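Topology and contacts: notes
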Amino acid sequence: MALARLHGGPLDGQIIPLDDADDKLIVPYSETQVVYNRRGEEQNTGQNDGPTEIDYWYDESLEDINPADV
């Protein structure tokens, strides 16, 4: 299993588990969904350096985000 490290957008700084590491990650947020795109290579891929991490950067939300929810 790998971990997605999210950058930017309403989920900035969150780390979530991944079953499959796709180029695009769509995550539920409030009453909408937000889209993050993969950037860079996998990190910590050795056997003794912890879980594999992949950076994802905010791209868009599928609907407007209510500022009260942020």
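Structure report, in brief. Every chain is numbered independently, its residues counted from 1 as its sequence is written. Local features are withheld for residues below a pLDDT of 70 in this predicted model, meaning they are given only at 70 or higher, and side-chain atom pairs are given and counted only at 80 or more; totals for whole chains, interfaces and linings count all residues. Hydrogens and water are ignored here; the side-chain numbers use all heavy atoms of the structure.

With that settled, consider a negative patch on the surface. Within the patch definition used here, like charges are joined within 9 Å and nonpolar side chains (Val, Leu, Ile, Met, Phe, Trp, Tyr) within 5 Å, considering only residues with over 30% relative accessible area and no salt bridge. Computed by Shrake-Rupley with a 1.4 Å probe, the accessible areas treat only the displayed protein chains as cover when residues are assessed. By convention in these notes, a salt bridge is any Lys or Arg side-chain nitrogen within 4 Å of a carboxyl oxygen on Asp or Glu. Counted as positive: Lys and Arg. Counted as negative: Asp and Glu. His and the chain ends are not counted at all. Charged side chains are reduced to one point each, which is NZ for Lys, CZ for Arg, CG for Asp and CD for Glu. Residues Asp 19, Asp 20, Asp 22 and Asp 23 make up a contiguous surface patch of negative charge. Within the secondary structure, Asp 22 is located in the loop between strand E2 (15–18) and strand E3 (24–29). A relative accessible area of 47% means that Asp 22 is categorised as partly exposed. Each helix is a run of DSSP H or I of at least 4 residues and each strand a run of E of at least 2, with the numbering of both proceeding from the N terminus. Each residue is placed in one exposure class: buried if its accessible area under a 1.4 Å probe, protein chains only, is under 20% of its type's maximum, exposed if it is over 50%, and partly exposed if it falls in between.

So, on to the side chain of Thr 52. By the secondary structure assignment, Thr 52 is in strand E5 (residues 52–61). What makes Thr 52 buried here is its relative accessible area of 18%. Under this definition, polar contacts are N or O atom pairs within 3.5 Å; protein pairs additionally need one hydrogen-donor-capable and one acceptor-capable atom, and for neighbouring residues in sequence, both atoms have to be side-chain atoms. For Thr 52, the side chain forms a polar contact with the main-chain oxygen of Asn 44, separated by 3.3 Å. When sequence neighbours within four positions are dropped, the list of residues in contact with Thr 52 reads Met 1, Ala 2, Leu 3, Glu 42, Gln 43, Asn 44 and Thr 45. Residue contacts are counted whenever heavy atoms from the two residues lie within 4.5 Å of one another.

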